[in-house]
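The chain contents come next:
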Amino acid sequence: MIGKFSTALASLVVLQACSTVQQTEIDKQVSALDTCEKIDALVAGHPKGFPNLRTAQTTSKYMDVWKARYHLVGDSCQVWGWGNGKFSYVCSLTEPNKAVAMEHFDQAKEVTQQCLGESWSLKQGKRDQGEGTKAEYSVSGRNTVVTIVAASSPTLFATEWKTYYFVGDAADLK
């Protein structure tokens, strides 16, 4: 019995070591990417569920959430997954005020436009609900959109501003 347990434990250690080596290699590759390569990888990875972007997973009744390997806005981006193989990359950053939120929004929009190129079209305007602005990039023939939002977020004592970065299906934003 002890022999079987030792063999199983040794196999688990080897598998964990392989997984760790594989993760370390992916982390090295990701750290070598520039911003445009990261945006390209997000767009390409969306239909596949962002497999190389996901790290630590948390599961709930309604969805799975993974920490993301890189962050285009803030430092707490996530991959959300829910029924029927739907996945989205979502980042948010709480801002000190509207001016800073708009500055980050404009910077993210400019970089995204440069990275996506001329084939992507931009639709920009007010948010459907609440104060703020939204920029959505789309390209013909793809369900994937890149959306950047600067939005007010009322709290109990004050109104915060947030900047969001989203890569996923446009229908998932509604």
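Going by the structure above, here's the rest.
In this text, all values refer to a predicted model and were calculated from it rather than measured experimentally. (Residues numbered from 1 in each chain as written. Predicted model: local features only at pLDDT ≥ 70, side-chain atom pairs only at ≥ 80, totals over all residues. Heavy atoms only, no water.)

Visitor: Tell me about the packing of aromatic side chains, residues and numbers included.
Guide: Here the structure, examined in full by the defined rule, presents three aromatic pairs. Ring geometry for F50 against Y89: centres 6.4 Å apart, planes inclined by 45°, an arrangement best described as tilted. One end of the pair, F50, is in the loop between α2 (35–45) and β1 (54–59); the other, Y89, is in strand β4 (residues 86–95), with 39 residues separating them in the sequence. A residue is classified by how much of its surface remains accessible, and F50, at 2% relative accessible area, is buried. Residue classification places Y89 among the buried positions, given a relative accessible area of 0%. (Phe/Tyr/Trp six-rings, centres within 6.5 Å; stacked < 30°, edge-to-face > 60°. Helix = DSSP H or I, 4+ residues; strand = E, 2+ residues; numbered from the N terminus. Buried < 20%, exposed > 50% of the residue type's maximum accessible area, 1.4 Å probe, protein only.)

Visitor: Give me the state of the cysteines: which residues, what numbers.
Guide: Applying the stated criterion to the full structure yields two disulfides. Each disulfide pairs two cysteine sulfurs, and for C36 the partner residue is C115, the sulfurs being separated by 2.0 Å. Measuring handedness by torsion sign, the sulfur bridge of C36 and C115 sits at about -75° and is left-handed. Placement of the pair is C36 in helix α2 and C115 in helix α3 (residues 98–116), with a sequence separation of 79 residues. Residue class for C36 comes out partly exposed when judged on its relative accessible area of 28%. For C115, a relative accessible area of 12% gives the class buried. Each disulfide pairs two cysteine sulfurs, and for C77 the partner residue is C91, the sulfurs being separated by 1.9 Å. Here the disulfide of C77 and C91 is right-handed, its torsion about the S-S bond being about 115°. In this pair, C77 sits in the loop between β2 (64–68) and β3 (78–82) while C91 sits in strand β4, placing the two residues 14 residues apart along the sequence. Of the residues examined, C77 reaches a relative accessible area of 2% and is grouped as buried. (Disulfide = S-S within 2.5 Å.)

Visitor: Any chance you could break down the pairing of β4 for me, citing the residues and the numbers?
Guide: Pairing geometry for β3 and β4, over five bridges, is antiparallel. Bridge pairing in β4 links W82 to K86. From the end of β3 to the start of β4, which pair antiparallel, there are three residues, and N84 there has a positive phi angle of about 60°. Two strands pair when backbone bridges link them, and β4 and strand β8 (residues 159–169) are joined in this way by seven bridges, in the antiparallel orientation. Among the inter-strand pairings, S92 is bridged to a residue of β8, identified as Y164. (Pairing = 2+ DSSP bridges.)

Don't take any of this as a statement about function, it's just geometry.
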